[in-house]
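These are the residues of each chain, in order.
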Amino acid sequence: ALRSAADEVRRRFGSVAAALGAAAGGRAQVVVVLSRDLVERGLSARRLAAGVGEVLGGGGGGRDDLAQAGGPKAGALGEALERFAREAEAALRG
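Everything numeric here is computed off the predicted structure, so don't read it as measured data. (Residues numbered from 1 in each chain as written. Predicted model: local features only at pLDDT ≥ 70, side-chain atom pairs only at ≥ 80, totals over all residues. Heavy atoms only, no water.)

Quick notes on the overall build of the protein chain
So the rule is basically this: Under the DSSP-based scheme used, a helix requires at least four consecutive residues in state H or I and a strand at least two consecutive residues in state E, with every element numbered from the N terminus. C-alpha atoms define the radius of gyration in this analysis, and the globule rule sets the expected value at 2.2 Å times the number of residues to the power 0.38. Burial here depends on accessible area, computed with a 1.4 Å probe over protein chains only, as a share of the maximum for the residue type. Under 20% is buried, over 50% is exposed, and the range in between is partly exposed. The criterion used for residue contact is that any of the two residues' heavy atoms lie within 4.5 Å. Here the open area of atoms and residues is found with the Shrake-Rupley method and a 1.4 Å probe, where only the protein chains shown may cover a residue. Neither His nor the chain termini are counted; the positive set is Lys and Arg, and the negative set is Asp and Glu. The location of each charge is read from NZ of Lys, CZ of Arg, CG of Asp or CD of Glu.
For the protein chain, the helix and strand inventory stands at four helices and four strands. Written out in order from the N terminus, the α and β elements of the protein chain read α-β-β-α-α-β-β-α. Taken against the 2.2 N^0.38 rule, which gives 12 Å for 94 residues, the C-alpha radius of gyration of the protein chain at 12 Å falls within 12% of a compact globule. Along the three orthogonal principal directions, the C-alpha set of the protein chain runs to about 35 × 25 × 20 Å. Considering the protein chain as a whole, with its 94 residues, one finds that 37% of them fall into the buried category. Long-range pairs, those at least 24 residues apart, make up 47% of the contacts in the protein chain between residues at least 6 apart in sequence. Looking at the protein chain as shown, the accessible area adds up to about 5100 Å², and 49% of this sits on carbon and sulfur atoms. Separation between the mean location of the 14 positive side-chain charges and that of the 11 negative ones in the protein chain comes to 3 Å.

Rendered as structure tokens:
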């Protein structure tokens, strides 16, 4: 469901860096999606997801334009999304 929502976000917006998250059963999952222009500028959903996964006590991986992260620290989902925002913004500033 998160991956489908991420694909829809990418379709609706031209240039986008987004992280969509959910928590259930004591685990958290996040999908990171980037538009092609941001990947060409050097951003990597795979690297961003790795940082998110670290906060969640797990890991992350995928492609430069779409990656997933997850872990057992569901209560850290907000912190993980904040880390995504900080790291994406820093990467955009160069």
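Having seen it, we continue.
Examining the nonpolar core
Going by this rule: Residue types Ala, Val, Leu, Ile, Met, Phe, Trp, Tyr and Cys, when buried and joined through side-chain atoms within 4.5 Å, form a set referred to as a nonpolar core.
In this structure, Val-30, Val-32, Leu-48, Val-52, Leu-56 and Phe-84 are the most contacted members of the largest nonpolar core, which totals 20 residues. Per element, the largest residue contribution to this core is five residues, and it comes from helix 3 (residues 45–55). Filtering out sequence-adjacent residues up to four positions away, Val-32 remains in contact with Ala-18, Ala-19, Ala-45, Leu-48, Ala-49, Asp-65, Leu-66, Ala-67 and Phe-84. If you look at the next biggest cluster of nonpolar residues, it comprises eight residues, including Val-9, Val-16, Val-33 and Leu-66.

Examining helix 3
Of the residues making up helix 3, those classed as buried are Ala-45, Leu-48, Ala-49, Gly-51, Val-52, Gly-53 and Val-55. Phi turns positive one or two residues past the end of helix 3, at Gly-57, with a value near 80°.

Details of the side chain of Ser-35
Relative to the assigned elements, Ser-35 resides in the loop between strand 2 (27–34) and helix 2 (36–40). With sequence-adjacent residues up to four places away left out, Ser-35 is seen in contact with Arg-10, Gly-14, Ser-15 and Val-16.

Some remarks on the pairing of strand 1 (residues 17–24)
Put simply, the rule is: Here, any two strands with at least 2 DSSP bridges between them count as paired.
Bridge analysis of strand 1 against strand 2 gives eight bridges, and the strand direction is antiparallel. Considered in strand 2, the bridge of Leu-20 is made with Val-31. Connecting strand 1 to the next strand, strand 2, in antiparallel fashion are two residues, including Gly-25 with a positive phi near 60°.

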